[in-house]
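Topology and contacts: notes
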Amino acid sequence: MRRLAGVLAVAALAAAVLTGCGGENWAKKCTTTGIVVECEPDQRPQVEKVTGTLLDGGTYDIAQDRGKVVVVNFWGSWCAPCRAEADDLETTYQATKAKNVSFIGVNSRDDKDSAIAFERGRVTYPSIYDFEGKVALKFDVTQTNTPQTLILDRQGRIAVALRAATTHTQLQPLVEKIAAEATG
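Residues numbered from 1 in each chain as written. Predicted model: local features only at pLDDT ≥ 70, side-chain atom pairs only at ≥ 80, totals over all residues. Heavy atoms only, no water.

Overview of the sheet that holds strand β8 (residues 148–152)
Across the sheet, which stays open at both edges, the seven strands sit in the order β1-β2-β9-β8-β5-β6-β7 with mixed pairing between neighbours. Looking along the sheet, the strands with just one partner apiece sit at the ends: β1 (31–33) and β7 (127–129). For this sheet, the mean inter-axis angle between neighbouring strands, taken without regard to orientation, is 20°. In the sheet, strand β5 (residues 69–75) pairs with strand β6 (residues 101–107) via seven bridges, with the strands oriented parallel. Looking at the pairing, Val69 lines up with Val101 of β6. (Pairing = 2+ DSSP bridges. Helix = DSSP H or I, 4+ residues; strand = E, 2+ residues; numbered from the N terminus. Axes fitted to C-alpha atoms, helices over the stretch in contact; angles between N-to-C directions.)

As C-alpha cells, this is what we get:
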C-alpha cells in the first residue's frame, strides 16, 4: 500500500511540473471551445518584454505594437499543419491590417534558411527566429502545440489562443472581435 501511495505521489508531482512547474494556468479561467480559448478582459494575462531577432535580420519588440491587436503565430517549416494554415494567416492579415492589427510569427526548432524559404511567397508579415523557444516562453503559452496562434488585445493581453492550425474563416472573426473592443 505504501508503494502505491509513493507511486501516486510521484505521479502527482510529475503532473504538476509538466503543467507549468506548479504555476497557475491562466487558460483555466477562460472559456475553451474545441481548440479555441477565449478570455474575458479581466482574465487576460499580460504579455510583456517580448523581443527577438527577425528572420530578415531586424529586431522586434512587442512594445512597438502596444495599442494594436497583435496576432502571434508559432510555426516551423517542418510542420505540415503550419504549411496548411499559412495562406489563411496571410489572408486574415491582409483583411485586418487596416483595423490596426499586426501579425508576428515565431519560428522555432528550425533551420534559419528553411524558415526563410518557407515564408517567401507565403506571408508578408515578419517572424522572429526562435530556434530554442525562449521567445515563445515569454508569451506564457500554457500548451505548446505547433502551430498555435494567440490574439493579443490592444493592451497587450492574451485574449484568444488557438491551440492548433487555424483557417481564415475561424481566425478572422476572432481577430475582428478583439479589434472591435473599446480600449481602456
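A look at the state of the cysteines
This structure, assessed with the given rule, holds two disulfides. Here Cys30 connects covalently by a disulfide to Cys39, the sulfurs 2.1 Å from one another. Here the disulfide of Cys30 and Cys39 is right-handed, its torsion about the S-S bond being about 100°. Pair check on accessibility: Cys30 and Cys39 agree, each one buried. Two residues share a disulfide in this structure: Cys79 and Cys82, whose sulfurs sit 2.4 Å from each other. Between Cys79 and Cys82 the disulfide shows an S-S torsion of about 80°. By sign, it is right-handed. Taking the relative accessible area as the measure of exposure, Cys82 reaches 2% and is therefore buried. (Disulfide = S-S within 2.5 Å. Buried < 20%, exposed > 50% of the residue type's maximum accessible area, 1.4 Å probe, protein only.)

Some remarks on the pattern of salt bridges
Evaluated as defined, the whole model comprises seven salt bridges. Between Glu38 and Lys177 there is a salt bridge, with its nearest N and O atoms 2.9 Å apart. Of the two residues, Glu38 sits in strand β2 (residues 36–38) while Lys177 sits in helix α5 (residues 168–179), which places them 139 residues apart along the sequence. A salt bridge links Asp153 to Arg157; its shortest N-O distance comes to 2.8 Å. In terms of burial, Asp153 and Arg157 fall into one category: buried. Among the charged side chains, a network of salt bridges with common partners joins Arg44, Asp153, Arg157 and Glu181. (Salt bridge = Lys/Arg side-chain N within 4 Å of Asp/Glu carboxyl O.)

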